[in-house]
Amino acid sequence: MSEYVPDEVVVNILQRLPVKSLIRFRCVSKSWNSLITSPAFVHSHLNQSIPNNNNLPHPLLIVRHCSSSANRALDKEHYKLFYDNEAFEECAEFDFPTKSRSLKHFRLIASENGLICLSEQERYVLWNPSIRKCWNLPKPCITARKHSGSTCHEAFGFDPRTNDHKVVRIVIHHSTKEAPVEEALVEVYSVRTCSWRLSSASLTPSTNFTDWRKPKACLKGSVHFAALDQRNGTGIGFVLSFDLRDEVFREMIFPHNMTRLHTDIVTCVFSGSLALLCYDEKNFSCSIWVMKEYGVVDSWVKQFTIDIVGGIEKNALEATANDPEDQDSNSKQFNRRSHLLSTICQLITRNIR
Amino acid sequence: MANNGENPSPDVGGKTVKLKADDGEIFEVEEAVAMELQTVKSFFDDDGVSYDTVVPLLNVSSTALAKVIQYCRRAVELRAKSGDDEGANEKAREEREGLEAELVREESDEGIKELILAANYLNIKDMLSFLCRAVGDRIKNKSVEYVRRFFVLENDFSPEEEERTRNEVAWAFEGVDAD
């Protein structure tokens, strides 16, 4: 006699399954369909799979590589899965479900929890490769003025407190003859409400961001921009964080002993802490500063300096990690990072004519 | 018998507890092993229940109970072996994984379901965990029909609804094992 399995045991089993199986099992019955697509289940499945990684031998990394050529029809965006280990073997390639219309490629805003946010001017796209769903966001509220009239700074992040993914858009209208006052406007898109909303948060329009068109770190429910302080003319940099729930800007000064020869400073998350990737174009080196204790300026530590032979194309800092960093020792991470950076260099230099 | 609430270590020939399966068969088990079954532990945690009382486990067959006891006995032994020593811990962990694999290897789908239901009813967290993992491994590449049979579920979709959902997620049907 076949016995009926209680719901809590079914959930226990389903939480351990890979996403592809779960998507297929949506067809088993209506109740399984509701369960599998319910936000609570999705959330707990995600949290389950991060430590176990679905019993894979190594964490996975998504590497994005955009090829371009004179023939626009041949422009392609590649998203490949690699095993994040010494061998760094390719595991799979995703089919990219859409195509950019006016630019050669989309711009990567960031990726968080398996969701990838891309943009092409004012068209924003969210893509979840594991369930193969892709959708366009509605038009934002603030229209950037064309022809150098505005600069747009974007970030994408996840706020665990409200269990919501958000896209943040800072639009700075530069002063023109018609509109001499420079202004900075902020709007936020929430995946939960599927809508854009102007934020009352304010920032100085003359903020000198160092990470334009680069991904911004998302940590503790805030996205983090990097900027230089022009006020005292000292050019000291700071991290400008935007809290996704409270919609408030906060500043955290860069390390005191950081030299100012960097051309690109980008925030990222390193082993669960906020970090700065500082690219020094002159010396072809990249240093990684880690803020050991979040919010404590004295806890910045220069963790690594990486020499990059041949230099990196500016867009190399766009590598996205599919899984949070594991708890390996620092030297292993260092090897992995430099291997990754050099792999990205190879990927990009292969396409430089 | 006094309820001293202490678990004797397995190698000290301590108290035993009697467990009764659904067909009336009685299993006499060392107390430490019996306490792995949280349901049994709760039974004795009640005031005034003496350790002589036979615990009725009406929802567990004797075949399943025998296997559960065998697993818990080995699990308790292995836990006693591990301590601060990295090497010993590693070895114990490997042995436990071997034990788990052996338990499920020969089992039919019905058998493994029976074990899961027993582990769930008896509230044995570790055993339930690895059994769910084992079932997950079994079904992950299987068809929708296989899963329905395994969990005894009816397809309550209308033909149109089912077709629509299947088309939506057609990619997930690639590489599925034949039934």
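See the structure above.
Residues numbered from 1 in each chain as written. Chains lettered and ligands numbered in written order. Predicted model: local features only at pLDDT ≥ 70, side-chain atom pairs only at ≥ 80, totals over all residues. Heavy atoms only, no water.

K.L.:
Could you clarify how one ought to interpret the overall build of chain B in this entry?
P.N.:
When helices and strands are tallied, chain B shows eight helices and three strands. Reading the helices (α) and strands (β) of chain B from amino to carboxyl end gives β-β-α-α-β-α-α-α-α-α-α. On C-alpha atoms alone, chain B measures out to a radius of gyration of 21 Å, which is more than a quarter above the 16 Å that the 2.2 N^0.38 rule sets for 179 residues. Once the C-alpha set of chain B is aligned to its principal axes, its extents read approximately 65 × 40 × 25 Å. Per-residue burial for chain B yields a buried fraction of 39% across its 179 residues. (Helix = DSSP H or I, 4+ residues; strand = E, 2+ residues; numbered from the N terminus. Rg over C-alpha atoms; globule rule 2.2 N^0.38 Å. Buried < 20%, exposed > 50% of the residue type's maximum accessible area, 1.4 Å probe, protein only.)

K.L.:
Before we go on, may I ask you to explain the pattern of salt bridges in this structure?
P.N.:
Any two side chains of opposite charge can pair, on the condition that their charged atoms come close. Residue and element names in this part refer to chain B. In total, this model carries 30 salt bridges over all chains according to the counting rule given. Note that Glu77 and Arg74 form a salt bridge whose closest N and O atoms lie 3.4 Å from each other. In this pair, Glu77 and Arg74 are both assigned in helix α3 (residues 62–81), three residues apart and thus about one turn of the helix distant. A residue is classified by how much of its surface remains accessible, and Glu77, at 40% relative accessible area, is partly exposed. (Salt bridge = Lys/Arg side-chain N within 4 Å of Asp/Glu carboxyl O.)

K.L.:
What am I meant to see in the interface of chain A and chain B here?
P.N.:
Frequently, the measure chosen for interface size is the accessible area that the parts lose on association. Across the boundary between the two partners, chain A contributes 31 residues, which contact 37 residues of chain B. If you look at where chain A meets chain B, you find three salt bridges. Joining chain A to chain B, the criterion identifies 10 residue pairs in polar contact (both at pLDDT 80 or more). For the side of chain A that touches chain B, the secondary-structure elements that each account for two or more residues are α1 (7–14), α2 (19–24) and α3 (30–37) of chain A. Looking at the side of chain A that touches chain B, its residues break down into 15 nonpolar, seven polar and nine charged. (Contact = heavy atoms within 4.5 Å. Polar contact = N/O pair within 3.5 Å; in protein donor to acceptor, adjacent residues only side chain to side chain. Nonpolar A, V, L, I, M, F, W, Y, C, P; charged D, E, K, R; others polar.)

K.L.:
Hey, could you run me through the sheet that holds strand β2 (residues 26–30) of chain B in this one?
P.N.:
Backbone-to-backbone hydrogen bonds join strands into a sheet, with any given pair of strands oriented parallel or antiparallel. All names here are of chain B. Across the sheet, three strands lie side by side as β2-β1-β3; this open sheet has mixed pairing. The two strands at the open ends of the sheet, each matched to only one other strand, are β2 and β3 (55–56). Relative to β3, strand β1 (residues 16–20) runs parallel, the two sharing two bridges. Each bridged residue has a counterpart across the sheet, and for Leu19 the counterpart in β3 is Val55. (Pairing = 2+ DSSP bridges.)

K.L.:
Would you explain the packing of α1 of chain A against α3 of chain A in this entry?
P.N.:
In helix packing, the relevant descriptors are the interaxial angle and the interaxial distance, both defined with respect to the helix axes. Residue and element names in this part refer to chain A. Where α1 contacts α3, the axes come no closer than 12 Å and their chain directions differ by 55 degrees. What the angle tells us is that α1 and α3 run oblique. Considering the relative orientation of α1 and α3, their crossing is right-handed. In contact with Val10, Val11 and Leu14 of α1, α3 contributes Trp32, Leu35 and Ile36. Among the residues making up the contact of α1 with α3, the classes are represented as six nonpolar, no polar and no charged. (Axes fitted to C-alpha atoms, helices over the stretch in contact; angles between N-to-C directions. Parallel < 35°, antiparallel > 145°, perpendicular 65-115°, else oblique. Left-handed = near helix turned anticlockwise from the far one by under 90°.)

K.L.:
Looking at this structure, I do not really get the nonpolar core. What am I missing?
P.N.:
In a soluble, globular protein the nonpolar side chains are often hidden away together inside. In terms of nonpolar packing, the biggest core is built from 66 residues, with Leu19, Met127 and Phe151 of chain B touching the most fellow members. No other element matches α3 of chain B, which puts nine residues into this core. Filtering out sequence-adjacent residues up to four positions away, Leu19 of chain B remains in contact with Glu25, Ile26, Phe27, Val29, Leu37, Val40, Val55, Leu57, Leu65 and Ile69 of chain B. Ile170, Cys218, Ala227 and Phe238 of chain A belong to the second largest nonpolar core, which has 19 residues in total. (Core = buried A, V, L, I, M, F, W, Y, C linked by side-chain atoms within 4.5 Å.)

K.L.:
Explain empty space enclosed by the protein here, please?
P.N.:
Unoccupied space between atoms shows up once a probe the size of one water molecule is rolled over them. All names here are of chain A. The tally for this structure, following the rule as stated, stands at two cavities of 30 Å³ or more. Lining the largest cavity are Arg107, Leu108, Ile109, Cys152, His153, Glu154, Trp212, Arg213, Lys214 and Lys216. Taken together, the elements giving at least two residues each to the lining of the largest cavity come down to β4 (107–112) and β8 (150–159). Within the lining of the largest cavity, the residues separate by chemical class into four nonpolar, one polar and five charged. (1 Å grid on protein atoms, 1.4 Å probe; cavity = no way out; pocket = protein on both sides within 12 Å on 5 of 7 lines; lining within 4 Å. Points joined across faces, edges and corners; volume = space filled by probe spheres on them.)

Purely geometric stuff here, so don't read any function into it on its own.
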